[in-house]
Amino acid sequence: MGERIPDRIPLERLLSRWRVASRTQAQGMVRAGRVRVAGRVVRDPRCWVDGAHDTVEVDGQRVGAPAVRGAACWLLLNKPRGVVSTTRDPEGRPTVMDLVRAHAVPGLAPVGRLDKASAGLLLLTDDARLADRLLDPASHLPKRYRVKVRGRMDARRLEVLRTTALEEDGLVLGPMQVEVEREGPRSCWLVVVLREGKNRQIRRRLEALGLEVEVLVRTAFGPLELGTLAAGEVRALQPAEVEALARAVASSPRPATQQARPRGGRAWPGKPAGRPRGRLRR
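Residues numbered from 1 in each chain as written. Predicted model: local features only at pLDDT ≥ 70, side-chain atom pairs only at ≥ 80, totals over all residues. Heavy atoms only, no water.

### Some thoughts on the overall build of the protein
Scanning the protein from N- to C-terminus turns up 8 helices and 18 strands. A burial count over the protein gives 45% of its 282 residues as buried. When the accessible surface of the protein is split by element, carbon and sulfur atoms take 49% of a total near 14,400 Å². (Helix = DSSP H or I, 4+ residues; strand = E, 2+ residues; numbered from the N terminus. Buried < 20%, exposed > 50% of the residue type's maximum accessible area, 1.4 Å probe, protein only. Areas by Shrake-Rupley, 256 points an atom, 1.4 Å probe, with all protein chains shown as cover.)

Next comes the structure, spelled out in structure tokens:
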């Protein structure tokens with residue numbers, strides 16, 4: 001028995017949900033003509049397909065949703081820097097799957113990503129349905145990070161991060177919950193909470209203010225805490241922790257950045273010299 005997929009879904013997303021490949025890898029496979037839907041080659045990754053009824057083949061082999069087992073596998077990994085958050089990497093870089101090989105089951109994949117230079121709490125599971133709910137913008141759980149930046153975080157920069165959105169390359173990066181944990185003469189540590197999952201959001205927002213990120217560690221995902229788990233170590237979630245995730249995602253409110261997109265625009269008056277990388281919005 002397979003996982004129920006919505007009747008129509010973009011092909012690249014379907015292949016990702018089915019753990020055939022990451023979204024980026026699926027795009028390349030489709031454009032290369034390696035994927036057939038209902039017997040014909042499809043080269044548009046955004047082509048809508050019926051996951052419940054259409055036959056999907058990759059390199060001549062039929063693919064489908066991972067089998068649903070009685071108990072899903074849920075792992076919590078403390079991802080080290082330098083490791084990529086994908087099931088396989090064409091460049092041969094170390095992946096998170098290398099760190100959880102002893103616990104691997106069919107269909108196991110990361111829930112979202114931490115970029116190569118970032119570290120900390122990363123969930124992996126074969127439960128595609130709950131994983132999708134955790135990543136859905138409509139029910140996105142807060143994630144907490146500790147961030148070390150080179151430079152000082154003054155009141156003006158804090159206000160910008162907390163109250164404005166940055167539009168960059170057509171992507172709106174929303175306001176963030178930011179607190180200063182401690183300050184040194186040349187750097188400071190921040191605690192940042194996000195309720196959306198845009199690519200490199202924290203780094204891009206801080207870099208737009210002239211602050212270089214030196215360390216970024218995710219310390220919490222919804223109700224789950226990284227705790228004392230050492231870098232590179234992994235543990236299985238307890239049933240109560242999985243239930244807490246499911247409860248949290250069911251009760252999570254829709255993020256403000258999803259409810260109403262910011263309007264208007266203005267340049268940040270204190271931005272360092274150079275060509276602006278994006279527009280700030282209130």
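### Considerations on the confidence of the model for the protein
Per-chain confidence: the protein averages 82 in pLDDT, with 84% of residues scoring 70 or above. Within the model, pLDDT remains below 50 along residues 1-6, and this stretch shows 18 contacts once partners closer than five positions in the same chain are excluded. With pLDDT under 50 throughout, residues 255-276 is counted as low confidence; its partners more than four residues away or in other chains account for 32 contacts. (pLDDT = per-residue confidence, 0-100. Contact = heavy atoms within 4.5 Å.)

### Some points on helix 4 (residues 128-135)
Regarding helix 4, the residues found buried are Ala128, Leu130, Ala131, Asp132 and Leu134. Here the buried face of helix 4 lies against helix 1 (11-17), strand 7 (74-79), strand 9 (119-125), strand 15 (212-221) and helix 7 (239-251).

### A closer look at the packing of aromatic side chains
Summed over all chains, the structure comprises 0 aromatic pairs. A cation over an aromatic ring shows up here: lysine 143 above the ring of phenylalanine 221, its NZ or CZ 4.6 Å from the ring centre. One residue, arginine 146, lies across the ring of tryptophan 189, its end atom 4.3 Å from the ring centre. (Phe/Tyr/Trp six-rings, centres within 6.5 Å; stacked < 30°, edge-to-face > 60°. Lys NZ or Arg CZ within 6 Å of the ring centre and 35° of its normal.)

### Quick notes on the sheet that holds strand 3 (residues 40-41)
Across the sheet, which stays open at both edges, the 4 strands sit in the order 3-2-5-6 with antiparallel pairing between neighbours. The outermost strands of the open sheet, each flanked by one partner alone, are strand 3 and strand 6 (61-63). Pairing analysis gives 3 bridges linking strand 2 (residues 35-37) to strand 5 (residues 56-58), with the strands arranged antiparallel. For valine 37, the partnering residue across the bridge sits in strand 5 and is valine 56. (Pairing = 2+ DSSP bridges.)

### Side note on the pattern of salt bridges
If you walk through the whole model with that rule in mind, you get 16 salt bridges. One salt bridge in this structure joins arginine 150 and glutamate 214, with 2.8 Å as the shortest N-O distance. Residue arginine 150 is found in strand 10 (residues 143-150), and its partner glutamate 214 is found in strand 15; the two are separated by 64 residues along the sequence. A relative accessible area of 22% places glutamate 214 in the partly exposed class. (Salt bridge = Lys/Arg side-chain N within 4 Å of Asp/Glu carboxyl O.)

### What about the environment of valine 35?
Following the sequence through the fold, valine 35 ends up in strand 2. Considered as a pair, valine 35 and glutamine 61 are 26 residues apart in the sequence and their alpha carbons are 9.3 Å apart. Leave out the neighbours within four places in its chain, and valine 35 touches Leu11, Leu15, Met29, Val30, Arg40, Val41, Val42, Val56, Glu57 and Val58.

### Describing helix 6 (residues 201-208)
Burial runs high along helix 6: 7 of the 8 residues are buried. Residues Gln201, Ile202, Arg203, Arg204, Arg205, Leu206 and Ala208 constitute the buried set of helix 6. Two residues or fewer after helix 6 comes glycine 210, characterised by a positive phi angle close to 80 degrees.

### Here's the deal with the pairing of strand 11 (residues 165-168)
On strand 11, burial covers both faces: Ala165 and Glu167 on one face and Leu166 and Glu168 on the other are all buried. Judged from the 3 bridges that link them, strand 11 and strand 12 (residues 171-173) form a sheet pairing that is antiparallel. Bridging across to strand 12, glutamate 168 finds its partner in leucine 171. Linking strand 11 back to strand 12 in an antiparallel pair, the connection comprises 2 residues, with aspartate 169 at a positive phi of about 55 degrees.

### Brief notes about the pairing of strand 15
Relative to strand 15, strand 9 runs parallel, the two being bridged by 2 bridges. Bridged to glycine 120 within strand 15 is arginine 218. As paired elements, strand 10 and strand 15 share 8 bridges and run antiparallel to each other. From the neighbouring strand, tyrosine 145 faces strand 15, where its bridge partner is arginine 218. Count of turn residues in the strand 15/strand 16 (residues 224-225) antiparallel hairpin: 2 residues, of which glycine 222 carries a positive phi of about 60 degrees.

### Side note on the environment of cysteine 73
Along the chain, cysteine 73 turns up in the loop between strand 6 and strand 7. A sequence separation of 32 residues divides cysteine 73 from valine 105, and the C-alpha atoms of the two residues are 7.5 Å apart. Cysteine 73 has contacts with His103, Val105, Leu108, Leu124, Thr125 and Asp126, leaving out every residue within four places of it along the chain.

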